[in-house]
Each structure stands twice: as structure tokens, then as C-alpha cells.
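Next come the chains, spelled out residue by residue.
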Amino acid sequence: KVMESAGKQQVLIFVHSRKETAKTAKAIRDAALANDTLGTIVKEDGASREILQAESETVKNGDLKDILPYGFAIHHAGMS
């Protein structure tokens, strides 16, 4: 279902724990990479990709730093 909406609108996924936020985002990212569908989430040659990459270098949270260049973000109550 996520990939059906990807690139057309934002997708928000709720999970049960803080640990699951990054785990879920990474699993979807990895599936998109494996299926060669990451380009539907964020265009590979677009300005958005460059901005996401640049912004990821300023992020302190390791999980967010890892997924942000791919067009994914996470948030949970323990983040600042």
C-alpha cells in the first residue's frame, strides 16, 4: 500500500514503539531499493534529492541521517 501512494502523496505510518519507527522506515526503503522503485518516492536526479542529502549531514539522530537521503523521515517522542 505504501508504494501505491509513494510519489503521489505523503504517507504517514504509525507504529507501536520508538524502536519500530526506524526499523519500519528502513524496511520500506530497503524494499524500494531491492525492487528498484525508490525513484517513485524521490526522483534520483531532482533537486529534492540534493536537498535531502545536504540536510541529512546536519542531522544528529543516526537513524534519521541514514534514511533522510532516500526521502524518508521518522519522529517519535524521544527525539528532539
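Higher on the page you've got the structure.
Model, not experiment: these values are computed from the prediction.

Regarding the overall build of the protein chain
If you tally the helices and strands in the protein chain, you get four helices and zero strands. Sequence-ordered secondary structure for the protein chain, helices as α and strands as β, is α-α-α-α. Whereas a compact globule of 80 residues would reach a radius of gyration of roughly 12 Å, the protein chain reaches 12 Å, a difference of no more than 12%. Projected onto the principal axes, the alpha-carbon positions of the protein chain cover approximately 35 × 30 × 20 Å. Within the span of the protein chain, comprising 80 residues, buried residues form 26% of the whole. A total accessible area of about 5900 Å² is found for the protein chain, and carbon and sulfur atoms account for 51% of it. Averaged over its 11 positive side-chain charges, the protein chain has a centre that lies 8 Å from the centre of its 11 negative ones.

Overview of the nonpolar core
Listed in full, the 12 residues of the largest apolar core are Ala22, Ala25, Ile28, Ala32, Leu38, Val59, Leu64, Ile67, Leu68, Phe72, Ile74 and Met79. Those elements that provide at least two residues to this core are helix H2 (18-34) and helix H4 (62-67). The element contributing the most residues to this core is H2, with four residues. Discounting residues that sit within four places of it in the chain, Leu64 has contacts with Val59, Phe72, Ala73, Ile74 and Met79.

Some points on the pattern of salt bridges
The tally for this structure, following the rule as stated, stands at five salt bridges. Note that Asp63 is salt-bridged to Lys26, the shortest N-O span being 2.8 Å. Taken together, the residues span a long stretch of sequence, with Asp63 in helix H4 and Lys26 in helix H2 at a distance of 37 residues. The exposure class of Asp63 is partly exposed, given its relative accessible area of 31%. Accessibility expressed as a relative area gives 23% for Lys26, which makes it partly exposed. Taking the shortest distance from any N to any O, the salt bridge between Asp30 and Arg29 comes out at 2.9 Å. Members of the salt-bridge network, linked through shared partners, are Lys26, Arg29, Asp30, Asp63 and Asp66.

Thoughts on the environment of Leu68
For Leu68, the location among the structural elements is in the segment after H4. Under the relative-accessibility criterion, Leu68 is labelled buried at 12%. Separated by 16 residues in sequence, Leu68 and Leu52 place their C-alpha atoms 6.0 Å apart. Contact partners of Leu68, with chain neighbours within four places excluded, come to Leu52, Glu55, Ser56, Val59 and Ala73.

Rules used in this analysis
Residues numbered from 1 in each chain as written. Predicted model: local features only at pLDDT ≥ 70, side-chain atom pairs only at ≥ 80, totals over all residues. Heavy atoms only, no water. Helix = DSSP H or I, 4+ residues; strand = E, 2+ residues; numbered from the N terminus. Rg over C-alpha atoms; globule rule 2.2 N^0.38 Å. Buried < 20%, exposed > 50% of the residue type's maximum accessible area, 1.4 Å probe, protein only. Areas by Shrake-Rupley, 256 points an atom, 1.4 Å probe, with all protein chains shown as cover. Lys, Arg positive; Asp, Glu negative; His and termini not counted. Charge placed at Lys NZ, Arg CZ, Asp CG, Glu CD. Core = buried A, V, L, I, M, F, W, Y, C linked by side-chain atoms within 4.5 Å. Contact = heavy atoms within 4.5 Å. Salt bridge = Lys/Arg side-chain N within 4 Å of Asp/Glu carboxyl O.

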